[in-house]
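Observations on chain architecture
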Amino acid sequence: MTHMTPSDDAFATRAIHGGQAPEPTTGAIMPPIYQTSTYVQPELGGHLGYEYARVQNPTREALERNLASLEGGNFGLAFASGLAAIEAVVKTLSAGDHVVSEENTYGGTNRMFNKVLSRLGVDFTFVDSRDPEAVRDALRPETRLIHLETPTNPMMRLCDLEAIAEIAGEAQALLMVDNTFSTPFNQRPLEFGADVVVHSTTKYLNGHSDVIGGALVVDDEELFDELSFIRKSTGAVPGPMDAWLVLRGTKTLHLRMKAHNENGLAVARFLEEHPATQAVHYPGLPSHPQHALALRQMTGFTGMVSVELGSGERARTMVERTRLFALAESLGGVESLIGVPALMTHASVAPDRRDAMGVTEGLVRLSVGIEDPADLLEDLTEALKGL
Ligand SMILES: *Cc1c(COP(=O)(O)O)cnc(C)c1O
């Protein structure tokens, strides 16, 4: 029995079969949850490939092979959270090294870079990476890593992956791309030359809002070995139950993303037409300033939409009035969520930096779920009445 479906199988087939085979002892079709901390060794100095569960766990390994297959990479590494996955990549650096990061990333990434990792002697420069030349201009001889997110959270800016991969290559810096918003169904950064793909599996990959998890996918074996060493040495592994839940989630990723893409576009078009809104940020709309780039590097535009309502009061009215869209942080689950990033996910970003990026108190972010689209539009119609 093979562990891997061939990498040239279609996405839907890899989502369901990639990295997993029936368990040989019983034939269980689903990978068992190996809820164990250690493994018995038949003799001193001779084990069965499994010694201690921080280092090896078969459930986690099935998830890692599955995610690698979906991103089109050779190796996957699962983590306890998305932030732990990003942190592990930065831990390949040493004090004195320099990182160039997109400025409009997930708020928690920005907080970790600014308030934790910079204290350890790694230096960060934040740029608007919509312009690849801004990334080039920020490079220093000691730059070792470039961190991108595309689309960005919550402004839906895009970074040109191919152009920035070339800049990273010339600078001999690693290019890490947070692909949480797009998922490999819509965009595969390794194909454009990225070295490391990051996921908060908490979001679309798990898709059911019941796990915190993260992952990395890489092509290069040496980099994989280095990241495995860091994870083994620092310990941010997911438990087997969580790994199993994410693996269950990815089996329907293609179906869910198709519905998220359709509903996201429907909501973006509706909001753009609505007189109460001032601007809608969604790469799938022809009005998005980088729509041409979106068509080049993405095949779908997800369920993430943000809309400017013009004031904090109007934003509050909208998010408190919706019934189907629940007021909550996070994104990527089957159910629709709504929030105000400036007061929620991005509250930890400095207010002047937030304003400069357009993350105002009037900006509402929607994670459009896969409910019936007519019901979602009805909910938004009611919430915007009189605004
Ligand atoms: C949520 C999120 C993260 C952080 O992931 P956790 O699993 O919450 O640690 C990182 N990047 C993006 C784009 C996210 O949405």
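Please refer to the structure placed before this passage.
Reading guide: rules and limits
- Residues numbered from 1 in each chain as written.
- Predicted model: local features only at pLDDT ≥ 70, side-chain atom pairs only at ≥ 80, totals over all residues.
- Heavy atoms only, no water.
- Buried < 20%, exposed > 50% of the residue type's maximum accessible area, 1.4 Å probe, protein only.
- Helix = DSSP H or I, 4+ residues; strand = E, 2+ residues; numbered from the N terminus.
- Arc of directions from axis to C-beta.
- Polar contact = N/O pair within 3.5 Å; in protein donor to acceptor, adjacent residues only side chain to side chain.
- Pairing = 2+ DSSP bridges.
- Right-handed = clockwise from strand over helix to strand, strands pointing away.
- Contact = heavy atoms within 4.5 Å.
- Near = heavy atom within 4 Å.
- Areas by Shrake-Rupley, 256 points an atom, 1.4 Å probe, with all protein chains shown as cover.
- Nonpolar A, V, L, I, M, F, W, Y, C, P; charged D, E, K, R; others polar.
- Axes fitted to C-alpha atoms, helices over the stretch in contact; angles between N-to-C directions.
- Left-handed = near helix turned anticlockwise from the far one by under 90°.
- Salt bridge = Lys/Arg side-chain N within 4 Å of Asp/Glu carboxyl O.

**Topic: helix 6 (residues 161-171)**
The complete set of buried residues in helix 6 reads L161, I164, A165, I167 and A168. Seen end-on, helix 6 carries its buried residues on one side only, within an arc spanning 160 degrees. Across helix 6 from its buried face, at more than 90 degrees, point the exposed residues E162, E166 and E170. Near the N-terminus of helix 6, the side chain that reaches the backbone nitrogen of E162, with its oxygen 3.3 Å away, is that of D160. Q172, located one to two residues past helix 6, shows a positive phi value of around 50 degrees.

**Let's talk about the pairing of strand 3 (residues 123-127)**
For strand 2 (residues 98-102) and strand 3, the ladder comprises 5 bridges, and the chain directions are parallel. Paired with V99 across the bridge in strand 3 is F124. You can see the chain leave strand 2, run along helix 4 (residues 107-116) and come back into strand 3, and the turn it takes is right-handed.

**A short note on the environment of S330**
Its location among the elements puts S330 in the loop between strand 10 (326-327) and strand 11 (337-339). S330 sits in the partly exposed class, given a relative accessible area of 28%. Separated by 174 residues in sequence, S330 and M156 have C-alpha atoms that sit 16 Å apart. Sequence-distant contacts of S330, defined by excluding residues within four places in its chain, comprise T202, K203, L337 and R365.

**A closer look at the site of the ligand**
Near the ligand there are 13 residues, and of these G82, D178, S200, T202 and K203 occur at the shortest range. G82 places a main-chain nitrogen or oxygen 2.9 Å from an oxygen atom of the ligand. Within the contact set of the ligand, an oxygen atom lies 2.8 Å away from a side-chain nitrogen or oxygen of S200. With the chains in place, 94% of the 380 Å² that the ligand exposes on its own is no longer accessible. Of the residues that constitute the shell around the ligand, the class distribution is 4 nonpolar, 6 polar and 3 charged.

**Side note on the packing of helix 2 (residues 58-71) against helix 9 (residues 240-250)**
Look at helix 2 against helix 9: their axes get within 8 Å of each other, and the N-to-C directions meet at 35 degrees. Crossing geometry of helix 2 relative to helix 9 is assigned as left-handed. Here helix 2 contributes T59, R60, A62, L63, N66, L67 and L70 to the contact with helix 9, which in turn contributes P240, A243, W244, V246, L247 and T250. Here the residues of the contact of helix 2 with helix 9 sort into 9 nonpolar, 3 polar and 1 charged.

**Here's the deal with the pattern of salt bridges**
One pass over the full model with this rule turns up 16 salt bridges. The shortest N-O distance in the salt bridge between E64 and R60 comes to 3.8 Å. One end of the pair is E64 and the other is R60, both in helix 2 and 4 residues apart, which spans about a single turn. The exposure class assigned to E64 is buried, which follows from its relative accessible area of 9%. Under the relative-accessibility criterion, R60 is labelled buried at 2%. For R157, the salt bridge is made with D128, and the minimal N-O distance between the two is 3.5 Å. Taken as a pair, R157 in the loop between strand 4 (143-149) and helix 6 and D128 in the loop between strand 3 and helix 5 (132-138) lie far apart in primary sequence, 29 residues in all. A relative accessible area of 5% means that R157 is categorised as buried. Three or more residues are tied together by salt bridges with common partners; here these are E102, E103, D128, R130 and R157.

**Looking at the environment of D97**
By the secondary structure assignment, D97 is in the loop between helix 3 (82-90) and strand 2. Here D97 falls in the buried class, since its relative accessible area comes to 13%. Here the alpha-carbon distance between D97 and R140, two residues 43 residues apart in the chain, equals 9.4 Å. Sequence-distant contacts of D97, defined by excluding residues within four places in its chain, comprise G121, V122, D123, E142 and R144. At 2.9 Å, the side chain of D97 and the backbone nitrogen of S94 are in polar contact.

**Re the pairing of strand 6 (residues 196-200)**
Counting buried positions along strand 6 gives 5 out of 5 residues, so the element sits mostly inside the fold. Residues V196, V198 and S200 of strand 6 are buried on one face, and the alternating residues V197 and H199, pointing to the opposite face, are buried as well. Both strand 5 (residues 174-178) and strand 6 contribute to a ladder of 3 bridges, which runs parallel. Bridged to V177 within strand 6 is V197. Two strands pair when backbone bridges link them, and strand 6 and strand 7 (residues 214-218) are joined in this way by 5 bridges, in the antiparallel orientation. Directly across from V198, in strand 7, lies its bridge partner L216.

Nothing here speaks to function; it is geometry throughout.
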